[in-house]
Amino acid sequence: MQPTNPHILSIDDFRSGRNNFDVIIDVRSPAEFALDHIPGSINCPVLNNEERAQIGTLYKQVSPFAAKKLGAALVSRNIANHLETSFIDFPREWRPLIYCWRGGERSGAFTHILNRIGWKAMQLEGGYQGFRRTVIDDLEQAAKDYSFNVICGMTGSGKTRVLHEIQKLGAQVLDLEGLAIHRGSVLGNEPNIEQPTQKGFETALWNAFQSLDKNQIVFVESESKKVGGVHIPDPLMETIRNGLCIELRSSTQTRVSWLIREYRHFLSDVESFKHKLGLLTSRYGKVQIAKWEEEIDARNFESLVEELLVMHYDPSYQSSIERNFPKYNAEKFVQLDDDSDEAFAKSAKAIMATVKS
């Protein structure tokens, strides 16, 4: 049933109509916004972090009425500030969509004032929690609707790079590591960039699916369930693991060369490199970790990377790929000649040809 309030956009209409608005405004606190938010939205809080905590305490310790009185004063003051500093020059035709947490108190107040001014503002039904339910439901449906071709390959074989080359050829791609902001190993964090929260990662996944056609194959690279600190939703992971596998193979020399190029930040920040390797102490012992640290100090990066591949990454890959990807076939592979741009482009075309054959 459609909402009776003409200024409320139902969550079903949001799916198809969110691009009809000039801006999506999240009026929750900055802390709430940082955990997750609708893609593309901007944060114009009507209560900041401290104010929201203050109102919550007042609600519990004194009374809801006392909390609402102070809340109204703070919300009104903050809305006035947003109007004066951010929206004062916008034309009458400006159309914002506004949401808060769930109940609509904060977004309702903001929407009401903007409409009284003359703008055609809409409030999202169910707020962030309504959107969150949409994300969960749509990701579960995506696991049923989409089919995947999986690019497998040992660490350093250039799977992500080939995935991007495949995208250039017009194929559909889901870059899980890009969405997770992590390369999927103990050394995989991106320098100076935080990973999204679990909810933020799932929202990024949801957003990526909005531009994909379920009637066409999607290329993805093989991943474990966890990519850094976030995990791929189980139904989607199961569907991916049942996809057709094409292995990208390259020599150890090529993989070492590519990894040194891709992880160059560790070569300049050796203390960070040592810290990451220290996380493997329980597996390899202090003596081995100390040996690797000596290699770092001596800047013997090529031999160190090769040893890490042979000792740590390669054995883990082989056991994992055969256990988790039932359609993996060692005979179905494409060779990467070296780590040049031309070689990656050539391998991408070969993978496309393999899939079509």
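Residues numbered from 1 in each chain as written. Predicted model: local features only at pLDDT ≥ 70, side-chain atom pairs only at ≥ 80, totals over all residues. Heavy atoms only, no water.

Draft legend 1. How the structure looks around unusual backbone geometry. In this structure, I181 takes a positive phi of about 50° despite not being glycine. Positionally, I181 belongs in the loop between α8 (176-180) and α9 (198-209). The phi dihedral of N192 is positive, around 65°, even though this residue is not glycine. Along the chain, N192 turns up in the loop between α8 and α9. (Helix = DSSP H or I, 4+ residues; strand = E, 2+ residues; numbered from the N terminus.)

Draft legend 2. Looking closely at the sheet that holds strand β6 (residues 148-152). Ordered in space as β7-β8-β6-β11-β12, the 5 strands form an open sheet in which the pairing is parallel. With partners counted over all chains shown, the strands left at the sheet margins are β7 (172-173) and β12 (333-335), one partner each. As paired strands, strand β11 (residues 244-249) and β12 are joined by 3 bridges and run parallel to one another. Each bridged residue has a counterpart across the sheet, and for E247 the counterpart in β12 is F333. Strands in contact with helix α16 (residues 341-356) are β6, β8 (218-221), β11 and β12; relative to β12, the strand with the most contacts, it is inclined by about 155°. (Pairing = 2+ DSSP bridges. Contact = heavy atoms within 4.5 Å. Axes fitted to C-alpha atoms, helices over the stretch in contact; angles between N-to-C directions.)

Draft legend 3. Examining the packing of helix α6 (residues 127-145) against α9 more closely. Interhelical geometry of α6 versus α9 gives an angle of 60° and a closest axis separation of 10 Å. On the basis of their axis angle, the class for α6 and α9 is oblique. Read as a crossing pair, α6 and α9 show a hand that is left-handed. Between α6 and α9, the contacting residues are Y128, F131, R132, T134, V135, D138, L139 and A142 on the first element and K199, E202, T203, L205, W206 and F209 on the second. Partitioned by chemical class, the residues of the contact of α6 with α9 number 8 nonpolar, 2 polar and 4 charged. (Parallel < 35°, antiparallel > 145°, perpendicular 65-115°, else oblique. Left-handed = near helix turned anticlockwise from the far one by under 90°. Nonpolar A, V, L, I, M, F, W, Y, C, P; charged D, E, K, R; others polar.)

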